[in-house]
Amino acid sequence: MLLSPAVIMASGGGLGSEFHLDGSIDNLNIFWVMPFAGILLSIAVFPLVAPSFWHRHFGKVSFFWAAVLIIPLLFKTSLSVVIYELLHVGLLEYVPFIILLLALFTISGGVRLTGNLVGTPIVNTLLIFIGTILASWMGTTGAAMLLIRPLIRANQNRKNKVHVIIFFIFLVANIGGSLTPLGDPPLFLGFLKGVDFFWTTTAMLKPMLFMVFCLLGIFFGLDTYYYDREMKPEVQNDNTEKLGIEGSFNFLLILGVIGCVLLSGFWKPTMIIDDKLVPYSFDVFHVKVEIQNLVRDCLLLVLTYVSWTLTSRKIREANEYTWFPIIEVAKLFAGIFITIIPAIAILKSGSQGALASVVSSVSTESGDPINYMYFWATGVLSSFLDNAPTYLVFFNTAGGNPVSLMGEMSNTLLAISAGAVFMGAMSYIGNAPNFMVKSIVEETGISMPSFFGYMTKYSIPILLPLFILVSLIFF
């Protein structure tokens, strides 16, 4: 395909727009979101009522809900629209998403922290804090995949340890990615739209620090409470392995992953067509695949192969490394990415869509932004929908001009950014690393809360009051 001149063409504005799914209320009512709701309920209910069935057939369940959407959509629109939307979400969102996860999962699985770390409240708090700092610079996925296994091993003798994983998800897999566009996908989209790289660092610092110190304080108190009531295992004198790192060359590969992501953001190859300088891309049924993104994904696959080939099998065995977590995420998120298509189309329709009340709630009648509503609208939708396109919808709702959004409307952009990043911690599917961490932890035999259990026992009672305080203080 790449060698064929016929498919190398410019990213012409509007080309392929006739194949976009019309999300207006005249074309799509709210019932088109039902397959998406169905897959969410399946993730929530099946592990509780039929765990054995779910473990064996979650891929088939995901395929079922995708088919429930695609088949009626073929009758509602046309084959060309369905093909375009599937290729669009597949080539531009799902495939890069899985490749990045695969690279970070494989490379971080080749790093092993050796030594007798004991999961005391101080050690657990320190590990989560380090992961929170790293998340902004190597991404929430990278930081989570790097530190989740050392955290599990440190707490292997603890009786009460589920709360440790939950706070790890809160901070390392979500809130820690607040300070740079590398931290979380929605912030990277803002960077691609013209938001300065370090605007995010300065603007998000105060609300992030507020959330981090509040959550670390709550965690330390809770972990101390549980730790003081547990029987302390005796430390064997003949098992004094020194602290160290095995497979450390994988850190260089992680830097390579960061470089690949930055490359796709800064490098914009162009070509001249009809005396015009246009982005260099190729067309797959009117879906523009930009060369820099293709290069990024290919380089990520090369880094994945290098890590898998050069890392000692003993390191991966010691890490209890298996492919199941990435397979589970790949199959379930394939269904999620497909069934989310109508929801995103409806949101993009703004006041013309079935969710017009949500979009109109963020502005006054005179058109002035209501910043706390931007925070809550972006956040609540990001808790269940993909937070990257949700960020983009409200970014454009606020005008889409990065200069004004970093200037007189900076508090509005801050509300959108904080809502998308912070509230990804509200559910297992709010951010991709959440589900990945859950899957890795369950592979080690730790029983994690159900979809609803996570929300009712942890995220709602712990995070929701803090989000209310963030709203009152900052917006």
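Residues numbered from 1 in each chain as written. Predicted model: local features only at pLDDT ≥ 70, side-chain atom pairs only at ≥ 80, totals over all residues. Heavy atoms only, no water.

**Points about the packing of helix α1 (residues 34–49) against helix α2 (residues 51–76)**
Between α1 and α2, the least distance of the axes is 10 Å, while the angle of their chain directions is 170°. As summarised for this structure, α1 and α2 are arranged roughly antiparallel, according to the angle between their axes. Packed against α1, whose contacting residues are Pro35, Gly38, Ile39, Ser42, Ile43, Phe46, Pro47, Leu48 and Val49, the element α2 presents Pro51, Phe53, Trp54, Val61, Ser62, Trp65, Val68 and Leu69 at the interface. Residue classes in the contact of α1 with α2 are distributed as 14 nonpolar, three polar and no charged. (Axes fitted to C-alpha atoms, helices over the stretch in contact; angles between N-to-C directions. Helix = DSSP H or I, 4+ residues; strand = E, 2+ residues; numbered from the N terminus. Parallel < 35°, antiparallel > 145°, perpendicular 65-115°, else oblique. Contact = heavy atoms within 4.5 Å. Nonpolar A, V, L, I, M, F, W, Y, C, P; charged D, E, K, R; others polar.)

**Observations regarding helix α14 (residues 371–382)**
Counted at 1.5 Å a residue, the expected span for α14 with its twelve residues is 16 Å, and the 16 Å between its end C-alpha atoms agrees. Within α14, nine of the twelve residues are buried, which leaves it mostly tucked inside the rest of the structure. Those residues of α14 lying buried are Asn371, Tyr374, Phe375, Trp376, Ala377, Thr378, Gly379, Leu381 and Ser382. (Expected span 1.5 Å × (residues − 1). Buried < 20%, exposed > 50% of the residue type's maximum accessible area, 1.4 Å probe, protein only.)

**Comments concerning the pairing of strand β5 (residues 276–284)**
By the bridge criterion, four bridges tie strand β4 (residues 270–273) to β5 in an arrangement that is antiparallel. Of the residues in β5, the one forming a bridge with Ile273 is Lys276. Taken together, β4 and the strand that follows it, β5, pair antiparallel across an intervening segment of two residues, in which Asp274 is found at a positive phi of about 55°. Hairpin connection, β5 to strand β6 (residues 287–290): the antiparallel pair is bridged by two residues, and Phe285 has positive phi, about 50°. (Pairing = 2+ DSSP bridges.)

**Some details on the packing of helix α3 (residues 79–108) against helix α11 (residues 324–339)**
Close contact between α3 and α11 brings their axes to 11 Å; oriented N to C, the two are set at 160°. When the axes of α3 and α11 are compared, the pair comes out roughly antiparallel. Every pair of crossing elements has a handedness; the one defined by α3 and α11 is right-handed. Contacts from Leu86, Val89, Glu93, Tyr94, Phe97, Ile98, Leu101, Leu102 and Phe105 in α3 reach Pro325, Ile326, Val329, Ala330, Lys331, Phe333, Ala334, Phe337 and Ile338 in α11. (Left-handed = near helix turned anticlockwise from the far one by under 90°.)

**Some remarks on the pattern of salt bridges**
Within this structure, the stated rule accounts for five salt bridges. A salt bridge links Arg296 to Asp297, with the nearest nitrogen and oxygen atoms 3.0 Å apart. Residue Asp297 is classed as buried on the basis of its relative accessible area of 10%. (Salt bridge = Lys/Arg side-chain N within 4 Å of Asp/Glu carboxyl O.)

**Description of helix α17 (residues 410–422)**
In this model, α17 (13 residues) spans 18 Å end to end at C-alpha, consistent with the 18 Å of a helix rising 1.5 Å per residue. All of the buried residues in α17 are Thr412, Leu413, Leu414, Ala415, Ile416, Ser417, Ala418, Gly419, Ala420, Val421 and Phe422. Buried residues along α17 sit in contact with α6 (185–192), α7 (199–228), α14, α15 (387–397), α16 (402–406) and α19 (451–474).

**Details of the packing of aromatic side chains**
By convention here, two paired aromatic rings are described through the distance between centres and the angle between planes. All chains considered together, the criterion is met by 32 aromatic pairs. When the centroid spacing of 5.0 Å and the interplanar angle of 70° are considered together, the rings of Phe64 and Trp65 count as edge-to-face. By relative accessible area, which is 46% here, Phe64 ends up partly exposed. Consider the rings of Phe191 and Phe197, whose centres lie 5.8 Å apart with planes at 85°: the pair is edge-to-face. We classify Phe191 as buried; its relative accessible area is 13%. Residue classification places Phe197 among the buried positions, given a relative accessible area of 17%. Here a set of aromatic residues connected by ring pairs shows up, and it is made of Phe210, Phe375, Trp376, Phe467, Phe474 and Phe475. (Phe/Tyr/Trp six-rings, centres within 6.5 Å; stacked < 30°, edge-to-face > 60°.)

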